Amino acid sequence: MTKITNWGIIGTGKIAQSFAGALHQVPDARLHSVLSRTQASANQFARINNAAFATENGEDFLNDPELEVVYIATPHPMHHRDAIKCLQAGKHVLCEKPLALNLGQVREMIAAAESNGRFLMEAMWTWFLPAIMRAKSLLEDGAIGMPRIISADFGFNFPFDPKHRFFNPELGGGALLDIGIYPLALALYFFGKPETVTGVAVIGKTGVDESMTASLRYADGRVASCLATGRAETPCEAVIAGSKGYLRIHRNFWRSERLTIHRRDRESQELNIPIHGNGYNYELMHTLTCIREGRTQSPVMSWQDSLHLMEIMDQLRGSWSLRYPVEENDER
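About the cut-offs
- Residues numbered from 1 in each chain as written.
- Predicted model: local features only at pLDDT ≥ 70, side-chain atom pairs only at ≥ 80, totals over all residues.
- Heavy atoms only, no water.
- Helix = DSSP H or I, 4+ residues; strand = E, 2+ residues; numbered from the N terminus.
- Axes fitted to C-alpha atoms, helices over the stretch in contact; angles between N-to-C directions.
- Left-handed = near helix turned anticlockwise from the far one by under 90°.
- Contact = heavy atoms within 4.5 Å.
- Nonpolar A, V, L, I, M, F, W, Y, C, P; charged D, E, K, R; others polar.
- Pairing = 2+ DSSP bridges.
- Disulfide = S-S within 2.5 Å.
- Buried < 20%, exposed > 50% of the residue type's maximum accessible area, 1.4 Å probe, protein only.

1. Concerning the environment of Arg37
Within the secondary structure, Arg37 sits in the loop between strand S2 (29–35) and helix H2 (39–49). Distance in space between the C-alpha atoms of Arg37 and Thr12 is 8.9 Å, their sequence separation being 25 residues.

Laid out in structure tokens, this is it:
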């Protein structure tokens, strides 16, 4: 019988709630504990999700010998601090995206995982979903000939509220880190690291990028176009175009269950590929497999992938002269 692994969650927001739901869908995983900023929110989360232990005290949370793996669901600027504390305490870590705010922080998190011999992965759940994995297999099998262009967008119209996470620079707000990471990660998943990165952004009155576009160019002539905005509704689809046709990943592309292959020489083919569970269960199960195999990093979402992704985002922010307040005294 497979051993049940005890998980802890740091954070009690919407994503933490979704991940807690996934834990209940995986038989060999159990939500053991939760850490929140207040005892009241920790208690409420634990009660709703049947966790055995709830606390606002980080030391009590990490000193628990029964806790094995931590899922970090705190705001972006806290990922670096929280992950390193967990790794130094001997816990494995699955950390929400973006893994950190900048490349220097990602390198320090990886170093902490290496020195403590613990697993660390950025929670890029899209890479583990059945439809996305099937899309990659189709491209590798030549379903659209030679893939040459990717276009992906992620856009919603958030009502302006300077205190909202999206518009708050103190929380690493803006389109790039919050939602732009999805089309960028999709390009990285299918095409790998680009040769050059350029982009434009609309900086709003709170100092965050409310809308952004990025163009990725590859040495062999392939290109990717990525758009993200919190100020307009977009199709939220992705298209990979090739020499013989194109593959559409339907809305919402980051958790799609439908693909369509269009070719000039044959009828279009639609594939329905359902997600079983709420979607977070796939990355969860992969994390468990890696830990049980003694790995410190994933062969799918590797440390190098996280480094490449953050390097792209750092280049874009650098070209926009966009820094977050927490970085002002940071020499990275």
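2. As for the packing of helix H1 (residues 14–25) against H2
Interaxial distance between H1 and H2 falls to 11 Å at its minimum, and their mutual angle equals 30°. Along this stretch, H1 crosses H2, giving a crossing that reads as right-handed. Touching Ala16, Gln17, Ala20 and His24 of H1 are Phe45, Ile48 and Asn49, all from H2. Of the residues assigned to the contact of H1 with H2, the class counts are 4 nonpolar, 3 polar and no charged.

3. Focus: the sheet that holds strand S6 (residues 120–122)
Spatially, the 6 strands line up as an open sheet ordered S3-S2-S1-S4-S5-S6, and their pairing is parallel. A single partner strand is all that each edge strand has here, and the edge strands are strand S3 (53–55) and S6. The mean inter-strand angle of the sheet, taken between neighbouring strand axes irrespective of direction, is 20°. Pairing geometry for strand S5 (residues 92–95) and S6, over 3 bridges, is parallel.

4. Focus on the state of the cysteines
All chains considered together, the criterion is met by 0 disulfides. With no disulfide of its own, Cys95 has Cys86 as its nearest cysteine by sulfur position, at a separation of 8.8 Å. Given the relative accessible area of 0%, Cys95 is considered buried. Counting only cysteine sulfurs, Cys95 is the nearest neighbor of Cys290, a cysteine outside any disulfide, at a range of 16 Å.

5. Points about unusual backbone geometry
A cis geometry characterises the amide bond from Lys97 onward to Pro98, with omega recorded as -10°. Along the polypeptide, Pro98 turns up in the loop between S5 and helix H5 (103–116). The peptide bond linking Arg251 to Asn252 adopts the cis configuration, its omega dihedral lying at -15°. For Asn252, the location among the structural elements is in the loop between strand S12 (245–249) and strand S13 (258–263). One non-glycine residue, Asn50, adopts positive backbone phi at about 60°. Position of Asn50 among the secondary structure elements: in the loop between H2 and S3.

Nothing here speaks to function; it is all geometry.
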